[in-house]
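Secondary and tertiary structure notes
The residues making up each chain are set out below.
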Amino acid sequence: MSAPATFDLSGRVAAVTGGNGGIGLGIARGFAEAGAAVAILARNEAKNRAALAQLNAFGARALAVRLDVTDRAALAPALAEVERALGPLEILVNNAGLARAVGATRGELEDWDRVLETNLNAAFILARLAARAMLPRRRGKIINIGSEYSLFGNPLAHSYAASKGALIQLTKSLAVELAPHNIQVNALVPGWIESDMTAPMKSRPFYQEVLRRTPAGRLGTPAECAGAAIFLASPAADFVTGATLFVDGGYSIK
Amino acid sequence: MDSDSSTRNLFDLSGRVALVTGGNRGLGRALALALAEAGAAVAILARDEAKNRETLALLQARGARALARKTDLADRPQVAAAFAAVERELGPLDILVNNAGFAILKGVLDQTDEEWDQVLETNLTAAFRLARMAARSMAARGRGGKIINVSSIAGNFGTPIFPSYAVAKGGLQQLTRCLALELAPHHIQVNSLLPGWFTTDMTDWIRNWPEYAEALKEMIQRTPRGRFGDPGELAGAAVFLASRASDHMTGADLVIDGGFSVR
């Protein structure tokens, strides 16, 4: 019981979807600084290159794979490319996310499908692929990025809320299924974090509501999600599974 | 607690002063040792002097400035004096871990008023009073701080076996949330740590008493990880919640139970 708490990720291989910006990049940078080899899987090649340069600056082995997570046929090859380049995958972060603020009565079903495909189905397929690879090695970490709308209702982004709520339930079921194999599956719920996704809201009155409701009185930064992600990815959290960690400055408890 | 954006040394507690109640054995000892290994000076307040000495030696063996003081958490004047002694000897407090707790294995119908009061006093009221002392000290210094309330998964579930304990732990989680909101402007983060079933003296009854053999079987079957946690497996969570790594996390529950709660 006296083994020191270890947050060291040296020698571990991590993949972060949507890892080229915002929360995903904050987590990818944290992993790289903690010693992991990091792959970012994301669509925008210019952002991928810029993110890769940041990871390389930490001296990390890193890789950017151009991937649209809604392209199901591309998911397995993307993970295979990560393993070929960096080694056996030990940490998967399902972070890629999409929101459509269209309202349930007005939005198109295509919006619903696209959001569910990105936020939930892709996460499931990637988690399954990763878990299959991790099983024979009897070690692995899967981290699903939820949202305040995993818990709360949203008047416009119903599909986003439904997908993120389901992602938490997926987390719990995978945790139960994979626990005997020493694979931990947890959810990290960032609150309102500075990113491309939250930037547009700053011009709306809703932004003031969020600030008033957040005890910290400000949005969080992507870097502030890194600590929780490193914890969940590390041996320090080997008995933590099925859990949901809220990193939200207290928003959800008010 | 400060604004360094580098993730390097994110989990380092060097120079911090921590207080762990009930820190002389079981989970409390594991938490105290973890904080010491991460660099903090650590005070433990607990009743059993032999166990205090033993744990103090373990803390010092890790190179930590440390202090152990015989304290009954239900004795209010004694707790206030102990808190003052900790700050006098180790310096102003940065990290409070409200860990001391005990359970009485009696249903509501068999429980006496005195038993109920004792359980609530140690598990909940003592935590409130220490959090208040700590928060006043932290707020006055203006350097932020961390309060970790060690609840239990019992705080989230009903139980016919130890109801007063479950009620106290549920209350402790509400205390966490209320304090988190009140103290956020002072950059003090308050979170709950919820261990599941761990191998400690407190779970001796379910692990070893024949009359609870069936309960043990059910408990293991229900736990996806299929075993009890080892107290050392809490170390990382404690250091995470005590460190800069969790600065945007407040009012939250961190469940560490091998998946028990989600099954």
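Here, the structure is the one placed above.
A quick note: this is a predicted structure, and the numbers were derived from the prediction, not measured. (Residues numbered from 1 in each chain as written. Chains lettered and ligands numbered in written order. Predicted model: local features only at pLDDT ≥ 70, side-chain atom pairs only at ≥ 80, totals over all residues.)

A short note on helix 5 (residues 158–178) of chain A
Working note: α-helix, 3.6 residues per turn, so residues spaced by three or four point in the same direction. Here helix 5 of chain A contains 21 residues, and its C-alpha end-to-end distance of 30 Å stays within 8% of the 30 Å for a straight helix at 1.5 Å per residue. Within helix 5 of chain A, 15 of the 21 residues are buried, which leaves it mostly tucked inside the rest of the structure. (Helix = DSSP H or I, 4+ residues; strand = E, 2+ residues; numbered from the N terminus. Expected span 1.5 Å × (residues − 1). Buried ≥ 20, exposed ≤ 12 C-beta atoms within 10 Å, placed from the backbone.)

Quick word on the interface of chain A and chain B
Across the boundary between the two partners, chain A contributes 40 residues, which contact 43 residues of chain B. Within the residue set of the side of chain A that touches chain B, elements represented by two or more residues are helix 1 (22–33), helix 5, helix 7 (223–233) and strand 7 (244–247) of chain A. If one sorts the elements of the side of chain A that touches chain B by residue count, helix 7 of chain A sits on top with 7 residues. By residue class, the composition of the side of chain A that touches chain B is 26 nonpolar, 9 polar and 5 charged. (Contact = placed C-beta atoms within 7 Å. Nonpolar A, V, L, I, M, F, W, Y, C, P; charged D, E, K, R; others polar.)

Regarding the packing of helix 1 of chain A against helix 7 of chain A
Residue and element names in this part refer to chain A. Here helix 1 crosses helix 7 at 55°, and the two axes come no closer than 8 Å. With respect to each other, helix 1 and helix 7 are oriented oblique. Crossing angle aside, the handedness with which helix 1 passes helix 7 is right-handed. On helix 7, the residues touching I23, G26, I27, R29, G30 and F31 of helix 1 are A223, C225, A226, A229, I230 and A233. Considered class by class, the residues forming the contact of helix 1 with helix 7 number 9 nonpolar, 2 polar and 1 charged. (Axes fitted to C-alpha atoms, helices over the stretch in contact; angles between N-to-C directions. Parallel < 35°, antiparallel > 145°, perpendicular 65-115°, else oblique. Left-handed = near helix turned anticlockwise from the far one by under 90°.)

Some points on the packing of helix 1 (residues 26–37) of chain B against helix 8 (residues 235–242) of chain B
Residues and elements named next belong to chain B. Running from N to C, helix 1 and helix 8 cross one another at 55°; their axes reach a closest spacing of 8 Å. Overall, the two elements helix 1 and helix 8 adopt an arrangement that is oblique. For the element pair helix 1 and helix 8, the recorded crossing hand is right-handed. Contacts between helix 1 and helix 8 involve A30, L31, A34 and L35 from the first element and A235, A238, V239 and A242 from the second. A breakdown of the residues in the contact of helix 1 with helix 8 according to their chemical character gives 8 nonpolar, no polar and no charged.

Overview of the sheet that holds strand 1 (residues 17–21) of chain B
Residue and element names in this part refer to chain B. Ordered by their spatial adjacency, 7 strands build an open sheet running 3-2-1-4-5-6-7, and the pairing between neighbours is parallel. Looking along the sheet, the strands with just one partner apiece sit at the ends: strand 3 (66–70) and strand 7 (253–256). Shown here is a sheet whose adjacent strand axes are inclined to one another by a mean of 15°, direction ignored. The sheet contact formed by strand 1 and strand 2 (residues 41–46) spans 5 bridges and is parallel. Bridge assignment links V20 to a residue of strand 2, and that residue is I44. Helix 4 (residues 113–141) rests against strand 1, strand 4 (95–98), strand 5 (145–150) and strand 6 (188–195) of the sheet, and its axis sits at about 175° to strand 4. (Pairing = 2+ DSSP bridges.)

Examining the nonpolar core
In this structure, A:V38, B:L35, B:V42 and B:A238 are the most contacted members of the largest nonpolar core, which totals 172 residues. Not counting chain neighbours up to four residues away, the residues in contact with B:V42 comprise B:A18, B:V20, B:A32, B:L35, B:A36, B:L59, B:A64 and B:A66. Judged by nonpolar contacts, the second largest core, of 7 residues, contains A:L98, A:V115, A:A157 and A:Y160. (Core = buried A, V, L, I, M, F, W, Y, C linked by C-beta atoms within 7 Å.)

Details of unusual backbone geometry
A positive phi angle is found at A:R138, which is not glycine, with a value near 55°. Within the element layout of this structure, A:R138 appears in the loop between helix 4 (109–134) and strand 5 (140–145). Even without a glycine there, the phi angle at B:H187 is positive, about 55°. Relative to the assigned elements, B:H187 resides in the loop between helix 5 (163–183) and strand 6.

Focus on the pairing of strand 5 of chain A
Residues and elements named next belong to chain A. Most of strand 5 sits inside the fold, with 6 of its 6 residues counted as buried. The side-chain alternation of strand 5 yields two buried faces, one formed by G140, I142 and N144 and the other by K141, I143 and I145. In terms of strand pairing, strand 4 (residues 91–94) meets strand 5 through 4 bridges, oriented parallel. Paired with N94 across the strands is N144, a residue of strand 5. Handedness of the crossover is the feature at issue here: the chain leaves strand 4, passes through helix 4, returns alongside strand 5, and the resulting connection is right-handed. (Right-handed = clockwise from strand over helix to strand, strands pointing away.)

Nothing here speaks to function; it is geometry throughout.
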